[in-house]
Amino acid sequence: MSAKLIKRDDALVIKAESSSVGVNEAREYLSDIKNYPKRYGYLIFDFSDVTEITSAALRNLTFALSITNQLNAKVAIVGSAVVSQCISDCHLEKVFPYYSSVNQIFEKNPQTSILQNTLKDELDDAIKTTFQTITGSEAHAMPFDSNAQNYSNNFEIGAIIGISDTSFKGSLILGFSVKSYLNLMSKMFGATYSEVTSEISDGPAEVLNMIYGHLKIALNNNGFSVSPAIPITIMGSNLRIVPCEKKSSPIVLLYESEFGTFYVELNMNYQSMKAVA
Amino acid sequence: MFPKETNILIVDDMSMMRKLVKAQLKDLGFAQITEAQNGAEALTIIEQQDSQNTPIQLVLADWNMPVLTGIELLAKLKASAKFKNLPFIIITAEGEVHQVTEAIKLGVSSFIRKPFSPEALKEKIEAVSKTVKAA
């Protein structure tokens, strides 16, 4: 074997053990990856000790990745200036984002860690798909300052769903102002709602359920094993949901749309990342 | 397509979802729509309607529901000589491969993933209608 495969968080790290990487080595890496049936969010080729790499090897990795079972995995390459130059020469910067060290990818800040970023992308996609389908109009992400604490100031109606796996416990929250929520229901049903009636009172839970359905598939594709869960609607004034155990920063996404603004918050408190690997 | 006078049963524990599906069905021209909040209530309605000679002719049921889930309702109908051929579309927010497989094994007519557009619902109903006619 010319590479050592290491599972780390949501990534499979392929550490080259020879100083030279050619087509044969590239083929061997792909053969090794195929022996890992679990789907990973990232495949990281660690070429830190590689002093020579051929463009044919890089291209071989590009084409051959599609035949492994890691179709949805994002790919990154770690290496020296030689590796960086080869990626640039082959115009493969978009296929193989380059990093100078593996630790650079696994930044300690959870907001920028690769798993958080993967989940953020998946969550954003789930939210946009859901709102596009149910209202026929787009929801646009708004800039978010991770230090701001006032994102839920207008939270008057929403829903929460518990999420758990062997490696984490968490929650997914959807929050609207009553005005935004009534506008959403009016848009969906082509009628004007001026109050939250019984027939639309469980709407936040259903909308969150749709978002969760997409996110659940993404989580399970990233090595987790989350189960179906039942969301509940929450309504009141000056609401603020505070997770009882908050070890990591939440992913918070704010949106604006023609019916108003809303936010979605994902909390995941990891018990042990080993279970993910 | 099913005739406009088809008796359709919507089964979902969420009232907003029942309202949404009902509105989409009405837009497609269907007017005879009954609602149930879970699989157990649906089963009672299906039996009652049948005894009154106004049988339910198409079921649209959510997967995840309290008391009796959509997939459990489907299993009960498939086990019944009287209702085993009742067209059944299951609705779910998840739609993972193992779920689809389970539903197909039980003989579901079609599968639709939330959220869905009126066009998607129409396509599913049309597809099921063709299967029913062919049978």
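Everything quoted here is computed from the prediction, not taken from an experiment.

The rules behind each value
Residues numbered from 1 in each chain as written. Chains lettered and ligands numbered in written order. Predicted model: local features only at pLDDT ≥ 70, side-chain atom pairs only at ≥ 80, totals over all residues. Heavy atoms only, no water. Contact = heavy atoms within 4.5 Å. Buried area = accessible area lost by both parts, 1.4 Å probe. Salt bridge = Lys/Arg side-chain N within 4 Å of Asp/Glu carboxyl O. Polar contact = N/O pair within 3.5 Å; in protein donor to acceptor, adjacent residues only side chain to side chain. Helix = DSSP H or I, 4+ residues; strand = E, 2+ residues; numbered from the N terminus. Nonpolar A, V, L, I, M, F, W, Y, C, P; charged D, E, K, R; others polar. Pairing = 2+ DSSP bridges. Axes fitted to C-alpha atoms, helices over the stretch in contact; angles between N-to-C directions. Disulfide = S-S within 2.5 Å. Parallel < 35°, antiparallel > 145°, perpendicular 65-115°, else oblique. Buried < 20%, exposed > 50% of the residue type's maximum accessible area, 1.4 Å probe, protein only. pLDDT = per-residue confidence, 0-100. Phe/Tyr/Trp six-rings, centres within 6.5 Å; stacked < 30°, edge-to-face > 60°.

Trainee: Got a minute to help me understand the interface of chain A and chain B in this structure?
Mentor: Interface size is commonly expressed as the accessible surface area that is lost when the partners come together. On the chain B side, the residues contacting the 24 residues of chain A number 18 residues. Buried surface at the junction of chain A and chain B, summed over both partners, amounts to about 1,900 Å²; 64% is from carbon and sulfur atoms. It is Phe-189, Glu-206 and Met-210 of chain A in chain A that bury the most area against chain B; as a group they hold 27% of the surface buried on that side. Summed over the shared surface of chain A and chain B, the number is two salt bridges. Between Glu-206 of chain A and Lys-114 of chain B there is a salt bridge, with its nearest N and O atoms 2.8 Å apart. Between the two partners, chain A and chain B, sit nine residue pairs in polar contact (both at pLDDT 80 or more). Of all the elements in the fold, those that place two or more residues in the side of chain A that touches chain B are helix H5 (114-135), helix H6 (178-189) and helix H7 (203-221) of chain A. In terms of residues, the side of chain A that touches chain B owes the most to one element, H7 of chain A, which gives ten residues. Taken together, the residues that form the side of chain A that touches chain B break down as eleven nonpolar, nine polar and four charged.

Trainee: What exactly am I supposed to notice about the sheet that holds strand E4 (residues 42-47) of chain A here?
Mentor: Picture the strands of a sheet paired through backbone hydrogen bonds; they go either parallel or antiparallel. All names here are of chain A. Taken in spatial order, the five strands of this open sheet run E1-E2-E4-E6-E7, and their pairing is mixed. Of all the strands in the sheet, the pair left with one neighbour each is strand E1 (3-8) and strand E7 (98-99). Its contacts with the sheet put helix H3 (residues 81-89) on E4, strand E6 (74-79) and E7, and the angle it makes with E6 is roughly 135°.

Trainee: What is the right way to read the state of the cysteines from this model?
Mentor: Here the structure, examined in full by the defined rule, presents zero disulfides over all chains. Here Cys-86 of chain A is not cross-linked by a disulfide; its sulfur's nearest cysteine counterpart is in Cys-90 of chain A, at 4.3 Å.

Trainee: What is the right way to look at the pattern of salt bridges in this model?
Mentor: Opposite charge on two side chains permits pairing when their charged atoms draw close. Residue and element names in this part refer to chain B. As enumerated under the stated definition, the model contains eleven salt bridges over all chains in all. For Lys-114, the salt bridge is made with Asp-62, and the minimal N-O distance between the two is 3.1 Å. On the criterion of sequence distance, the pair formed by Lys-114 in the loop between strand E5 (110-113) and helix H5 (118-134) and Asp-62 in strand E3 (residues 58-62) is long-range, its members being 52 residues apart.

Trainee: Quick question: what am I supposed to make of the sheet that holds E5 of chain B here?
Mentor: Residues and elements named next belong to chain B. The sheet built from five strands is open, its strands ordered E2-E1-E3-E4-E5 with parallel pairing. A strand with exactly one partner marks an edge of an open sheet, and here the two such strands are strand E2 (33-36) and E5. Strand-to-strand twist across the sheet, computed as the mean angle between neighbouring axes with direction ignored, equals 20°. Relative to E2, strand E1 (residues 8-11) runs parallel, the two being bridged by four bridges. Its bridge partner being in E2, Val-11 is matched across the sheet by Ala-36. Most of the contacts of helix H2 (residues 39-51) go to E2, to which it runs at about 140°, and overall it touches E1, E2 and E3. Across the face of the sheet, H5 comes into contact with E3, strand E4 (88-92) and E5 while running at roughly 175° to E5.

Trainee: Even after reading the chapter, I still don't get the packing of H6 of chain A against helix H1 (residues 15-27) of chain B, so can you show me in this structure?
Mentor: The axes of two packed helices give the description: the angle between them and the distance between them. Remark: H6 of chain A packs on H1 of chain B, axes separated minimally by 10 Å, with the N-to-C direction vectors making an angle of 30°. In terms of orientation, H6 of chain A and H1 of chain B fall into the roughly parallel class. Along the contact surface, H6 of chain A presents Met-185, Met-188 and Phe-189 of chain A, while H1 of chain B presents Met-16, Lys-19 and Leu-20 of chain B.

Trainee: Could you clarify how one ought to interpret the environment of Val-21 of chain B in this entry?
Mentor: Residue and element names in this part refer to chain B. Here Val-21 is to be found in helix H1. Relative accessible area serves as the criterion here: at 2%, Val-21 is assigned to the buried category. Ignoring sequence-local partners within four residues, the contact set of Val-21 consists of Ile-10, Leu-60, Phe-116 and Leu-121.

Trainee: So what exactly am I meant to see when it comes to the confidence of the model for chain A here?
Mentor: Fine structural detail should not be taken from predicted coordinates in areas where pLDDT scores are low. All names here are of chain A. Residues at a pLDDT of 70 or more form 82% of chain A, whose mean pLDDT is 81. Looking at the elements of chain A, mean pLDDT is at its lowest for helix H4 (residues 102-105), recorded as 73, and at its highest for H6, recorded as 94. Confidence drops under pLDDT 50 across residues 108-112; counting only partners more than four residues distant or on other chains, this segment forms nine contacts. Across residues 272-277 the pLDDT falls below 50, and counting only partners more than four positions away or on other chains, this stretch makes 15 contacts in the model.

Trainee: Just checking my understanding: could you explain the environment of Ala-11 of chain A for this structure?
Mentor: As for its position among the elements, Ala-11 of chain A is in strand E2 (residues 11-16). The spatial distance from the C-alpha of Ala-11 of chain A to the C-alpha of Tyr-42 of chain A is 4.5 Å, given a sequence separation of 31 residues.

Trainee: Explain the packing of aromatic side chains here, please?
Mentor: The relative placement of two aromatic rings is captured by the distance of their centres and the angle of their planes. Under the criterion given, the structure shown has 13 aromatic pairs over all chains. Taken together, a centroid distance of 5.7 Å and an interplanar angle of 85° make the contact between Phe-155 of chain A and Tyr-263 of chain A edge-to-face. With Phe-155 of chain A in the loop between strand E8 (140-142) and strand E9 (157-164) and Tyr-263 of chain A in strand E13 (residues 260-270), this residue pair connects regions lying 108 residues apart in the sequence. Tyr-263 of chain A carries the same exposure label as Phe-155 of chain A, and that label is buried. When the centroid spacing of 6.3 Å and the interplanar angle of 70° are considered together, the rings of Trp-63 of chain B and Phe-111 of chain B count as edge-to-face. Pair noted here: Trp-63 of chain B is in the loop between E3 and helix H3 (70-78) and Phe-111 of chain B is in strand E5, with a separation of 48 residues, a long-range link. Phe-111 of chain B shares its class with Trp-63 of chain B; the two are buried.

Trainee: Where do I start with unusual backbone geometry in this structure?
Mentor: With the exception of glycine, the majority of residues adopt a negative phi angle, and the majority of peptide bonds are in the trans configuration. In this chain, Lys-114 of chain B is followed by Pro-115 of chain B through a cis amide linkage whose omega measures -5°. Relative to the helices and strands, Pro-115 of chain B resides in the loop between E5 and H5. The backbone phi angle of His-91 of chain A is positive, close to 55°, even though this residue is not glycine. In this structure, His-91 of chain A sits in the loop between H3 and E7. We note that Val-67 of chain B has phi near 70°; this positive angle belongs to a residue other than glycine. Looking at where Val-67 of chain B falls in the secondary structure, it is placed in the loop between E3 and H3.

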